[in-house]
Amino acid sequence: MVIDRFGACLSFLGAKMQLVFDPVYLIYKSISTTMYQFDSLFAALSGLGIANGILFGLYLLRKGQGEAQTTNQYLGYFMLLLSLRFAITTISYFYRSAEWYVVDVGLVLNLALGPCFLAYVYSVFRAPLPTFFWQKHFLPAICLGALALLARTVLPLGTFFEPFKNGWFMTNQLTLLHWILYLVYAYRWSKLRLVEKKAQGWSVQKIQEWLSGLLLFMGILILGYSFNNAKVLCVIFCPLFYTIIVYLILAYFIKNYTLLQKTQVWEKGKPSAIKPEQISQLKVQLQRLMEEEQGFRDSELSLDKLAQQIGSSSHALSHYINTYEGCNFPDWLNRFRVEYACQLLLDPQYAQLKIAALAFESGFNTLSVFNGAFKKVVGCTPSEFRKQMLNC
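Position labels on residues start from 1 in each chain and follow its written sequence. For this predicted model, a pLDDT threshold of at least 70 governs which residues receive local features, and a threshold of 80 or more governs which side-chain atom pairs are given and counted, while totals over whole chains, interfaces and linings are taken from all residues. Remark: hydrogens and water are excluded; side-chain values derive from all non-hydrogen atoms of the structure.

Novice: Which residues make up the pattern of salt bridges, and what values do they have?
Specialist: For side chains bearing opposite charge, pairing can occur when the charged atoms are close. For this analysis, a salt bridge means a side-chain nitrogen from Lys or Arg found within 4 Å of a carboxyl oxygen belonging to Asp or Glu. In the structure shown here, the tally under the stated rule is four salt bridges. For Lys-305, the salt bridge goes to Asp-298, with nearest N and O atoms at 2.7 Å. Classification of Asp-298 by relative accessible area gives partly exposed; the value is 24%. Of the charged contacts, one joins Asp-331 and Lys-376 as a salt bridge, the two residues approaching to 3.1 Å between their closest N and O atoms. Of the two residues, Asp-331 is situated in helix H14 (residues 329-346) and Lys-376 in helix H16 (residues 367-378); the sequence distance between them amounts to 45 residues. Residue Asp-331 is classed as partly exposed on the basis of its relative accessible area of 30%. Relative accessibility decides the category of a residue: with a 1.4 Å probe and only protein chains considered, values under 20% of the type maximum give buried, values over 50% give exposed, and everything between is partly exposed. Only DSSP runs of H or I with at least four residues qualify as helices, and only runs of E with at least two residues qualify as strands; both kinds are numbered from the N terminus onward.

Next comes the structure, spelled out in structure tokens:
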């Protein structure tokens, strides 16, 4: 009886799920069928973006002087490789006449695009490339190209590299992951450099917007390519979106033409509130005052008062805390107070004191502010923290 009821429930759920998925599948099928009826139009639009990308890449290779020329060249190489990658997609799936080596080159390009983009990001910040950069970072692309050639011509593994087969699909996903790792590293590295440039008084808004846009575009393209078995996304969406990207890039450089020809793409912004040589000095002074002298226990401590104690301006001190400590002054101050409160909660000598007494001892004026700050830093209330420690 129980088994029969369970089977009936499964049948009922299956029928309901079928009612949901059937319309979704029909919609997807109708969209894909409609799109494939316009293959020639999509191929033409994709070809337009690819042609413009190649022309822009060639233009960048010979534009600018000095450091600007090097930066433009790296971007030019990246645009050429990216355009070639989407040309392979267009030829392979719209015209369906690509030779096997054309498809394999697409995988190799996936591995080459990441290092090329990273080199461009380095050049934007005038950072020299590490020793043997190209040899080390292009090694995976060279190895995959050699493996694909060997598998096609010598070893009986040709079907492994056929598009939409399991082996080729997994290889494609790994090459996209390789590209993603380079984008993530480029993002983290450039973020740190932007903070440094901003602290030195450079205007970083244009470069930040430009790099953020490039990273976003690349992320969307990789996402589309990762759905390699969904031809609507991989075959149609990616080349068309690349066409849009090319025109957005062209529009950006037309608007900011000086980025292509200036020896120094960075522009001086407003004078920095703090000089580079003051950074280490402020760090030492704050460490002495807050950690050694426990200045945070002063419940009346303010930004102006602290700046006066260390002989600095409140504007410079605020700039230092926001830029190099990664938070505003209240959060920065509460972090010291909460850490001290945790020490008191763990100290047997203070076991009999109430939470409010420990809050005042740590420099807080009110219990509610202490509870809020404690939970923000530690992740639980002071009472919960004390109970957890007692149970350990």
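Additional details are given in the paragraphs that follow.
Novice: Tell me what's going on with the environment of Tyr-247, and back it up with residues and numbers.
Specialist: With respect to the secondary-structure elements, Tyr-247 resides in helix H9 (residues 231-255). For the pair formed by Tyr-247 and Gly-53, sequence separation is 194 residues and the distance between their alpha carbons is 8.6 Å. Dropping the residues within four chain positions of it, Tyr-247 is found in contact with Leu-48 and Asn-52. Contacts: residue pairs with any heavy atoms within 4.5 Å of one another.

Novice: Hey, could you go over the environment of Gln-343 for me, with residue numbers and the actual values?
Specialist: Mapped onto the secondary structure, Gln-343 falls in helix H14. A relative accessible area of 51% places Gln-343 in the exposed class. Taking the C-alpha atoms as reference points, Gln-343 and Ser-362, separated by 19 residues in sequence, lie 10.0 Å from one another.

Novice: Explain the environment of Tyr-182 residue by residue, including any values.
Specialist: With respect to the secondary-structure elements, Tyr-182 resides in helix H7 (residues 166-199). On the basis of relative accessibility, which here comes to 13%, the residue Tyr-182 falls in the buried class. Distance in space between the C-alpha atoms of Tyr-182 and Leu-113 is 8.9 Å, their sequence separation being 69 residues. Not counting chain neighbours up to four residues away, the residues in contact with Tyr-182 comprise Gly-114, Pro-115, Leu-118 and His-137.

Novice: Explain a nonpolar patch on the surface residue by residue, including any values.
Specialist: Patch building starts from residues that exceed 30% relative accessible area and form no salt bridge, then joins like charges within 9 Å and nonpolar side chains (Val, Leu, Ile, Met, Phe, Trp, Tyr) within 5 Å. All accessible-area figures derive from a Shrake-Rupley calculation using a 1.4 Å probe, and residue coverage is judged against the displayed protein chains alone. Judged by side-chain polarity, Leu-174, Leu-177, Ile-180, Leu-181 and Val-184 come together as a nonpolar surface patch covering roughly 440 Å² of accessible area. Inspection of the secondary structure puts Leu-174 in helix H7. Taking the relative accessible area as the measure of exposure, Leu-174 reaches 55% and is therefore exposed.

Novice: So what about H14? Which residues, and what values?
Specialist: Because an α-helix completes one turn every 3.6 residues, residues spaced three or four positions apart along the sequence face the same direction. Across its 18 residues, H14 extends 26 Å between first and last C-alpha, which sits within 8% of the 26 Å expected from 1.5 Å per residue. Listing the buried residues of H14 in full gives Phe-329, Trp-332, Leu-333, Asn-334, Phe-336, Arg-337, Val-338, Tyr-340, Ala-341, Cys-342, Leu-344 and Leu-345. Side-chain atoms alone can form a polar contact between residues adjacent in sequence; in general such a contact is a pair of N or O atoms within 3.5 Å, and within protein one must be able to donate a hydrogen while the other accepts it. Between a side-chain oxygen at the N-terminus of H14 and the backbone nitrogen of Asp-331 the separation is 3.0 Å; the capping residue is Asn-328. The span you would expect from a helix comes to 1.5 Å times its residue count less one.

Novice: Explain the confidence of the model for the protein residue by residue, including any values.
Specialist: One confidence number per residue, pLDDT, is output by the predictor and ranges from 0 to 100. Per-chain confidence: the protein averages 76 in pLDDT, with 70% of residues scoring 70 or above. Within the protein, the lowest mean pLDDT, 49, falls on helix H1 (residues 2-36), and the highest, 91, falls on helix H5 (residues 133-137). Segment residues 24-32: pLDDT under 50, and four contacts once partners within four positions in sequence are set aside and those in other chains are kept.

Novice: With reference to specific residues and values, describe H16.
Specialist: The first and last C-alpha atoms of H16 sit 16 Å apart over twelve residues, in line with the 16 Å expected at 1.5 Å per residue. Among the residues making up H16, those that are buried are Phe-370, Ala-373 and Phe-374. Looking straight down H16, one finds its buried side chains confined to an arc of 105 degrees; they lie on one side. Away from its buried face by more than 90 degrees, H16 exposes Ser-368 and Lys-376. For H16, the N-terminal capping position is held by Thr-366, with its side-chain oxygen 3.3 Å away from the main-chain nitrogen of Val-369. Once H16 finishes, Gly-379 follows within two positions and takes phi at roughly 100 degrees, a positive value. What the arc describes is the spread of directions from the helix axis to the C-beta atoms.

Novice: Got a sec to walk through the packing of H14 against H16? Specific residues and values, please.
Specialist: Axis geometry follows a simple rule: fit a line to the C-alpha atoms, using only the stretch in contact for helices, then measure angles between N-to-C directions, giving values from 0 to 180 degrees. The contact between H14 and H16 brings their axes to 9 Å, and the two run at 90 degrees. The orientation of H14 relative to H16 falls into the category roughly perpendicular. Of the residues in H16, those in contact with Asp-331, Asn-334, Arg-335, Val-338, Ala-341, Cys-342 and Leu-345 of H14 are Phe-370, Ala-373, Phe-374, Lys-376, Val-377 and Val-378. Here the contact of H14 with H16 is built from residues that sort into nine nonpolar, one polar and three charged. These descriptions rest on fixed angle ranges, namely under 35 degrees for roughly parallel, over 145 for roughly antiparallel, 65 to 115 for roughly perpendicular, and the rest for oblique. All amino acids are sorted into three groups, where Ala, Val, Leu, Ile, Met, Phe, Trp, Tyr, Cys and Pro are nonpolar, Asp, Glu, Lys and Arg are charged, and the leftover types, Gly among them, are polar.

Novice: Please set out the state of the cysteines residue by residue, giving values where relevant.
Specialist: Our working definition of a disulfide is a cysteine sulfur pair at a distance within 2.5 Å. Counted by the stated rule, this structure contains zero disulfides. With no disulfide of its own, Cys-342 lies closest to Cys-380 among cysteine sulfurs, the gap being 7.9 Å. The exposure class of Cys-342 is buried, given its relative accessible area of 15%.

Novice: A description of the packing of aromatic side chains should follow, citing residues and the corresponding values.
Specialist: Working definition: a ring pair exists when centres of Phe, Tyr or Trp rings (six-membered ring for Trp) sit within 6.5 Å. Plane angles under 30 degrees give stacked, over 60 give edge-to-face, the rest tilted. Within this structure, the stated rule accounts for 14 aromatic pairs. Seen in terms of ring centroids, Tyr-74 and Trp-134 are 5.9 Å apart; in terms of plane orientation they differ by 45 degrees. Their pairing is tilted. With a gap of 60 residues between them, Tyr-74 in helix H3 (residues 67-95) and Trp-134 in helix H5 connect regions that are remote in the sequence. When the ring of Trp-332 is compared with that of Phe-336, the centres are 5.1 Å apart and the planes differ by 80 degrees; the resulting orientation is edge-to-face. A residue pair is termed a helical-turn pair when its members lie 3 or 4 positions apart in one helix, as Trp-332 and Phe-336 do in helix H14 at four residues. For a Lys NZ or an Arg CZ to count as sitting over a ring, it must be within 6 Å of the ring centre and within 35 degrees of the ring normal. The positively charged end of Arg-193 is found above the aromatic ring belonging to Trp-189, 4.9 Å away from the centroid. Across from the ring centre of Phe-364, 5.7 Å away, lies the NZ or CZ of Arg-337, which sits over that ring.

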